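# Structure at a glance
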Amino acid sequence: MKLLLDQNISYRIIEKLSSEFHEVLQVQTCGLIHATDLEIWQYASIHGLSIVTFDADFFELASLKGHPPKIIWLRCDNRTTKHLAQLLNSKAQIIKDFIQLSEYANLACLEIH
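Residues numbered from 1 in each chain as written. Predicted model: local features only at pLDDT ≥ 70, side-chain atom pairs only at ≥ 80, totals over all residues. Heavy atoms only, no water.

## Regarding the sheet that holds strand β4 (residues 71-74)
Worth spelling out the cut-off: Between any two strands, at least two bridges found by DSSP are needed for them to pair. Labels follow the DSSP assignment, with helices taken as runs of H or I lasting at least four residues and strands as runs of E lasting at least two, numbered in each case from the N terminus. To define axes, lines are fitted to C-alpha atoms, for helices over the stretch in contact only, and angles between the resulting N-to-C directions are given on a 0 to 180 degree scale.
Reading across from one edge, β2-β1-β3-β4-β5 is the order of the five strands in this open sheet, with parallel pairing throughout. Looking at which strands have only one partner, the edges of the open sheet turn out to be β2 (23-26) and β5 (109-112). Pairwise comparison of adjacent strand axes, ignoring direction, gives a mean angle of 20° for this sheet. For β4 and β5, the ladder comprises four bridges, and the chain directions are parallel. By the bridge assignment, Ile-71 is partnered in β5 with Cys-109.

Written out as structure tokens, the structure reads:
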């Protein structure tokens, strides 16, 4: 399972997620810091990544274009990197199931609160 963190999520979170998520990238580390949402979407789709974001625009792209990529939409207030890492790690199994299990194949977006 591969995750791509949107630009509003610090790259510093990557090491805090490594115990639960084995491949985590951030748009800055992929050279996408100035990319549009559609360009990020296309990059994720080509490279087999699921997008983790606070941005509702990716939910709208998923509604229009379907998936892949799958979207992990963070519907919580801004949090510190530490707290955001704790949230994602605590939801790791749900996220993994959403991305990998065939019973969720028709769903494009998972909302995390």
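## Details of the nonpolar core
Within soluble globular proteins, side chains that are nonpolar tend to cluster in buried spots. To keep it simple, the criterion reads: Throughout this description, the term nonpolar core refers to a set of buried Ala, Val, Leu, Ile, Met, Phe, Trp, Tyr and Cys residues connected via side-chain atoms within 4.5 Å. Exposure is judged per residue with a 1.4 Å probe applied to protein chains only, and the accessible area is read against the type maximum: over 50% gives exposed, under 20% gives buried, and values in between give partly exposed. Here, residues are in contact when the closest pair of their heavy atoms is within 4.5 Å.
In terms of nonpolar packing, the biggest core is built from 21 residues, with Ile-9, Ile-13, Phe-21, Val-52, Leu-74, Leu-84 and Leu-88 touching the most fellow members. Examining the composition of this core, we find that four residues originate from one element, helix α4 (residues 81-90), more than from any other. Excluding residues that lie within four positions of it along the chain, Val-52 makes contacts with Leu-3, Leu-4, Leu-5, Asp-6, Ile-9, Ile-72, Leu-74 and Leu-88. If you look at the next biggest cluster of nonpolar residues, it comprises 17 residues, including Leu-32, Phe-58, Ala-62 and Cys-109.

## Points about helix α2 (residues 37-47)
Helical geometry note: an α-helix holds 3.6 residues per turn, so side chains three or four residues apart project in the same direction. Which entries qualify depends on this criterion: The directions considered for the arc are those from the helix axis to the C-beta atoms.
Within α2 the residues assigned to the buried category are Asp-37, Ile-40, Trp-41 and Ala-44. Each buried residue of α2 lies within a common arc of 105° when the element is viewed along its axis, so the set occupies one face. Structurally, α2 contributes buried residues whose contacts are with β1 (2-5), β3 (50-53), α3 (56-65) and β4. Directly after α2, the chain includes Gly-48, whose backbone phi takes a positive value near 65°.

## Observations regarding the pattern of salt bridges
We count it as follows: Salt bridge, as applied in this entry: a Lys or Arg side-chain nitrogen positioned within 4 Å of an Asp or Glu carboxyl oxygen.
Evaluation of the coordinates by the stated rule reveals two salt bridges. A salt bridge links Lys-96 to Glu-20, with the shortest nitrogen-to-oxygen separation between them at 3.5 Å. One end of the pair, Lys-96, is in helix α5 (residues 92-100); the other, Glu-20, is in the loop between α1 (14-17) and β2, with 76 residues separating them in the sequence. On the accessibility criterion, Lys-96 (18% relative accessible area) is buried. Taking the relative accessible area as the measure of exposure, Glu-20 reaches 28% and is therefore partly exposed.

## A short note on the side chain of Asp-37
Keep this limit in mind: Charge convention: Lys and Arg are scored as positive, Asp and Glu as negative, and His as well as the terminal groups of each chain are ignored.
Structurally, the position occupied by Asp-37 is in helix α2. This buried residue, Asp-37, is left without a salt bridge; Lys-65 holds the nearest opposite charge, at 12 Å. Residues in contact with Asp-37, not counting those within four places in the same chain, are Asp-55, Asp-57, Phe-58 and Leu-61.

## Quick look at the packing of α2 against α3
The condition that has to hold: Helix crossings get a hand from a simple test, with the near helix turned counterclockwise from the far one by less than a right angle marking a left-handed crossing and a clockwise turn marking a right-handed one. Note on residue categories: nonpolar means Ala, Val, Leu, Ile, Met, Phe, Trp, Tyr, Cys or Pro, charged means Asp, Glu, Lys or Arg, and polar means any other residue, Gly included.
α3 packs onto α2 with a crossing angle of 65° between their chain directions and a minimal axis gap of 11 Å. Pair α2 / α3 crosses with right-handed handedness. Where α2 abuts α3, its residues Asp-37, Leu-38, Ile-40 and Trp-41 lie against Asp-57, Phe-58, Leu-61, Ala-62 and Lys-65. Taken together, the residues of the contact of α2 with α3 break down into six nonpolar, no polar and three charged.

Take it as geometry only, folks, not as evidence of what the structure does.
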